[in-house]
Every structure is written in C-alpha cells, then in structure tokens.
Number of protein chains: 2
Amino acid sequence: MQKEKVAEKIGYIGLGIMGKAMVENLAKAGHKINVYARRQVSVDALETNNIEAFSSPAALAEASNVIISCVSDTPDVEQVLVGPQGVIDGIQANSLVIDMSTISPESTQNMANQFSQAGASMLDAPVSGGEVGAIAATLSIMVGGAAEDFARATPIFECLGKNIIHVGASGAGQVAKACNNLVAAQTMVAVAEAYLLARSCDVDPAKVRDALLGGFAYSRVLELHGQRVLDENYVAGFKTKLHAKDLRIALKSAETKSIKMPGTELSDHYLQALLKQGDGELDSAAMAKVILENT
Amino acid sequence: MQKEKVAEKIGYIGLGIMGKAMVENLAKAGHKINVYARRQVSVDALETNNIEAFSSPAALAEASNVIISCVSDTPDVEQVLVGPQGVIDGIQANSLVIDMSTISPESTQNMANQFSQAGASMLDAPVSGGEVGAIAATLSIMVGGAAEDFARATPIFECLGKNIIHVGASGAGQVAKACNNLVAAQTMVAVAEAYLLARSCDVDPAKVRDALLGGFAYSRVLELHGQRVLDENYVAGFKTKLHAKDLRIALKSAETKSIKMPGTELSDHYLQALLKQGDGELDSAAMAKVILENT
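Computed from a prediction, not measured in an experiment: that's the story for all the values here. (Residues numbered from 1 in each chain as written. Chains lettered and ligands numbered in written order. Predicted model: local features only at pLDDT ≥ 70, side-chain atom pairs only at ≥ 80, totals over all residues. Heavy atoms only, no water.)

1. Observations regarding the domain arrangement of chain A
All names here are of chain A. Domain parsing of chain A yields domain 1 (10-169) and domain 2 (176-294). A C-alpha centroid distance of 29 Å is found between domain 1 and domain 2. Between domain 1 and domain 2, the residue contacts involve 12 residues of the former and nine residues of the latter. When domain 1 packs against domain 2, close to 850 Å² is buried across both sides, 61% of that on carbon and sulfur atoms. Summed over the three residues of domain 1 that lose the most area to domain 2, namely Thr-102, Glu-106 and Met-142, the buried surface amounts to 48% of that side. Here domain 1 is connected to domain 2 by zero salt bridges. Inspection of the domain 1/domain 2 interface yields five residue pairs in polar contact (both at pLDDT 80 or more). Breaking the side of domain 1 that touches domain 2 down by element, the ones donating at least two residues are helix H6 (105-117) and strand E7 (127-128). Its residues placed into classes, the side of domain 1 that touches domain 2 shows six nonpolar, four polar and two charged. (Domains from an automatic or database assignment. Contact = heavy atoms within 4.5 Å. Buried area = accessible area lost by both parts, 1.4 Å probe. Salt bridge = Lys/Arg side-chain N within 4 Å of Asp/Glu carboxyl O. Polar contact = N/O pair within 3.5 Å; in protein donor to acceptor, adjacent residues only side chain to side chain. Helix = DSSP H or I, 4+ residues; strand = E, 2+ residues; numbered from the N terminus. Nonpolar A, V, L, I, M, F, W, Y, C, P; charged D, E, K, R; others polar.)

2. Observations concerning the packing of helix H10 (residues 205-213) of chain A against helix H11 (residues 220-231) of chain A
Each pair of packed helices gets described by two things: the angle between the helix axes and the distance between those axes. Residues and elements named next belong to chain A. Two numbers describe how H10 lies on H11: the axes approach to 11 Å, and their chain directions differ by 175°. Considering the angle they form, H10 stands roughly antiparallel to H11. When H10 is examined against H11, the residues Pro-205, Ala-206, Arg-209, Leu-212 and Leu-213 are found in contact with a partner set consisting of Leu-222, Glu-223, Gly-226, Gln-227 and Leu-230. In terms of residue class, the contact of H10 with H11 is made up of six nonpolar, two polar and two charged. (Axes fitted to C-alpha atoms, helices over the stretch in contact; angles between N-to-C directions. Parallel < 35°, antiparallel > 145°, perpendicular 65-115°, else oblique.)

3. What to know about H6 of chain A
Residue and element names in this part refer to chain A. In a regular helix each residue adds 1.5 Å, so 13 residues correspond to 18 Å; H6 covers 19 Å between its end C-alpha atoms and thus fits that length. Within H6, the full set of buried residues consists of Pro-105, Ser-107, Thr-108, Met-111, Ala-112 and Phe-115. The buried residues of H6 occupy one face: seen down the axis, they fall within an arc of 150°. On its buried face, H6 sits against helix H4 (74-82), helix H5 (87-90), strand E5 (96-99), strand E6 (121-124), helix H9 (172-200) and helix H12 (240-256). Sitting at the head of H6, Ser-104 places a side-chain oxygen 3.1 Å from the backbone nitrogen of Glu-106. Backbone geometry just after H6 places Gly-119 at a positive phi near 80°. (Expected span 1.5 Å × (residues − 1). Buried < 20%, exposed > 50% of the residue type's maximum accessible area, 1.4 Å probe, protein only. Arc of directions from axis to C-beta.)

4. Brief notes about the interface of chain B and chain A
Contacts between the two partners involve 58 residues from chain B, matched on the other side by 58 residues from chain A. Of the roughly 4,700 Å² buried where chain B meets chain A, counting both sides, 74% is carbon and sulfur surface. Of all residues in chain B, Glu-193, Leu-197 and Phe-216 of chain B bury the most surface against chain A, accounting for 15% of the area lost on that side. At the junction of chain B with chain A, the criterion picks out zero salt bridges. The tally of links between chain B and chain A comes to 12 residue pairs in polar contact (both at pLDDT 80 or more). Listing elements by their share of the side of chain B that touches chain A, those giving two or more residues are strand E8 (139-144), strand E9 (161-168), helix H9 (172-200), helix H10 (205-213), helix H11 (220-231), helix H12 (240-256) and helix H13 (262-276) of chain B. Among the residues making up the side of chain B that touches chain A, the classes are represented as 35 nonpolar, 17 polar and six charged.

5. Topic: the side chain of Ser-104 of chain B
All names here are of chain B. Inspection of the secondary structure puts Ser-104 in the loop between strand E5 (96-99) and helix H6 (105-117). On the basis of relative accessibility, which here comes to 15%, the residue Ser-104 falls in the buried class. Sequence-distant contacts of Ser-104, that is, excluding residues within four places in its chain, are made with Thr-74 and Ile-249.

Listed below in structure tokens is the structure:
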C-alpha cells in the first residue's frame, strides 16, 4: 500500500541568477510556485507563467508549506526569513523553510531555532555549481538539518541538483559549503603558483597543465579555472565579491572556534586585493591574475 | 616503405622501488636490460633474468645506447651521470640519457649540456604516480628536451606510463614535476583546513568530503589523501622526506627566478614540521596530521 503523496505548495524568495534558474526547473517539474522578489523586474524576467507573486515574505509563507530562500548574504537571509514582514510572520505549523543561500552557520542555527519555536522547521541547503549547474539542474546540494526534513525536501532537491548530501545537523550544510569554497580558493592559488614558476622558467603553463591533468595534481580547478587563466577569461562565473564573502564566513567561523587556517587566509588576501582594485565583479579565478602580475 | 627500427640497448641505473618496477616492465616488453645499482641486493631482488649487471655507470654506458637513471636526489644523479666512473665516462656518440629522477631543473640543464658536448643527448623525464603507477605502467611522464629525442624515447616511455607529455626544452620536465608536487602539497593543506573547520563545528569530515567530491572542490588529493586522512593511514606511498625534497627544489628555483610562492612555503612548513618530529618516512598526506593536531 502506497502512502498518499501530498503535493507541497512551494514558495520561492530571491530571483537572482540562481533563483531564476531554480524556479524554472521547479516549474518544469510541474510545480506551481509562489514567488517573492524585492524587485518586480526579477518576477517579470521569469520564463514561466506557472507562478503567483506575493508582496512580502510573510504573505508568501502564509500561502506555502515549503519556503525556499536564495539571496546574497547573511543579513539578506535574516531580513527575508526573520525580519519585519519576514517568513516567520506568516509561517504555518509544519511548514519547512529551506535556505539555499551561502551564509553563516551560526546565524543559520539561530534562525532554525526560531522556526522550531514557531512549530515549523528549517534546512540549510547551500549549493555549488554556479549558474551552469542551476540551469542544468546539476547543482551539488549540501544539506544541514533533521533527517525527516531532509527526506521531505529530497524530491524538491532532485528537481534542482544531482549530488545531494545530508551533511549533518542544522548549519552543517553551511559548514560544508564554507569548506567547498576554501578548498576551491586554495587550489586556485596552488595552480597560479605553478603557472608562475613555469613562466619564470620559460616553460609553457599550458603544457604544465596538460602534464598535471593526468596525475595526482588533478583538480576541477586546474581543469576549468586553469584553462580560464590561460585564456585570461575572467567573466563571472562565480564573482570575486561572492567568493570573498564566503571566505569571510569561513574565517569568521574559524575565529569563533579558535582555529587557524593560514592557507585560507592567504587565498582571502588575493580576493581582497581584487576587491580593492575594483575587480569584485570578475570571476574569482582572477586571483591568479594577482599572483601572476604582482610578483 | 617502412624505416628499419633499430632496437635500443637499454641501460638502467637505480633499482629502488620505482626503478625495480620500471626495469621489470621494460623486460616484460621484451627488452634485455643492462643494469647498475650501488647495492648488489637491488640487482638480486629483480624478478626478471633478462638483465646484465655492470660494475659502474661508465661500463654500463659503454654497452648501452639509451641510459635511464632513476635515483633519489640531485647529488645522486650528478654522481651516476657526470661523477667519477659516471655515465659520461663511457657514453657513446648518439646515445640518449633519460633521467627519470626528480631533481633540480638547473642541474638538469648543466648535465644536458655536458652530454651534448660529448655528442650524446639527454632528456629529463620525471614521473608522477608512485609505486602503484610504476608497477601498473600508468605513470605520468613529464619530459624536457629536444623533440627528436622525445620521439626516440616515446616507445620506451610507452612501456612505463600512460600520460606522456613533452613539456618543453631541457629542464621543462623537472619544472612540470615541481609544479605537480607544489600543487599536490597545497591541495592537501586545503583539504586539511576543511576537515579542521568541519571538526571544530561538530560536522563529520567524511560527510564534507562526500559533499565536495561531487563539485568544484573535487581533486584527486581530496579523493585519495582525503580518505587516507579519515582512516589515519599514513603508510607511504609518497614519503614526506621526498615530498619535502621536491618542494625545496621548487622553492630553490623560485628563489633563483626571484618569484614568491607563499602557498608553497606554507605547505613546505608542514612537511618540515613532520621531518623535525621524525616522521619523514610517513606518507606526505601526514601534513594533515600536523594541521589537525597543532591547532
């Protein structure tokens, strides 16, 4: 005997590059989506009509039982989820909030507690894979929260991504995302130093990349960003200002926990150098530009 | 009309873990191999009879027209190739020396000049892939030297490895190998910092690894060394003392060329810490142990 499946009424907050693609994938899967965006133009840009727009996160939450948020930074999430006219003001009992933004693990845990006190629950589910992954529904999704909530959200996640991992309790998804971004940043530094050494020894960095791709030094960063650097193609992709924001989250968590991450600090230094010279809109692979130009 | 193929008479110097496996693969391919090892026990350990042992590198060179060396460090290569009773003393016109050790690019270029003056030639062809790759003949081989010498050596390389790249002129193979090792070392630091952050936030590093394997932070180091670190399995593999030696080559080249590689310096710091505490025989993945224990 099969359990009857209740269709979730999904609300989505935040229609940026990532949000737009995710809403369209959910619509393609047959969901009617309640949406809220701070700017009406983002609603107008959606390529699906299977939506209903709301005037506040609270109003959207009243009409939805799964509310997904995907906005830029910790204060933005706090505003739409627990600020004035936020989701918390309209949340229904047993509703599930899924925050897919990349924000502070500590703030995530605070908000999850507030939703729990309101009789609802919350997952953190930041993603990796960028615009390309969002459009192709191949995002990696790193999830923190209760197992039953993860199970409830899985059919939704499967409309959006491929590598869906329940990392642990509330905040664990954000911790995994911080780890993802600090590993990617440091790998970029490593590849850039390799190119720098090669160039200074009159060896073609492209040939070095070829040699390294087949062996133990292989990484996705070497393959994708390594080629970007050779092409000097720094069109984002994943913007420097966002990668810098994410490393600040990682370094803030490290400070809170009294641990040192000098490799992460080094890569943050290059991202900050890009920000200072006004290159925050470039892809974060431009870290290599700083390393290759300033030596 | 096919050009008649002259079978090379191959001499091999250095029968350590890597050399033993390579000689046996060359013998399997039908070559009779002239060998020289500083210790007779290394000759006795060979699992093939298709060899002839010589009492000095000079004597071996007189009886061979392709001479391969695979020993530990720059001074060892200098001794067997250009030292007293070295290969240079017995080298025949048009012979080809292939050094598969990992050594200084600058010393490589010096020795290549000496062989050139003797009417012979030399390739640098360091490898990546370790004992497993040497036995399975799946080594990555990074080659520096003249194109015609690379072409001449290719059938031999094909008995030993899979990813065979002609990187550039003399020394370029060693530069690529230095790049390979500095990228691998820094990627290990990055993964260890991720595990440290995860652990300090009460998140399971194994789950973080699962989440990262599917996305942009993927690397072979995360996959293979990442698992080693979870298992606390530091049986070499690639010994810390050799990885440290290789980073010193990279940092020496950087110094010669007046460039800075702070990420490489940071990873060297962890390798040196292992050496200081007497852990030079451990796999170099033990860098993670220093990072996870000393914070």
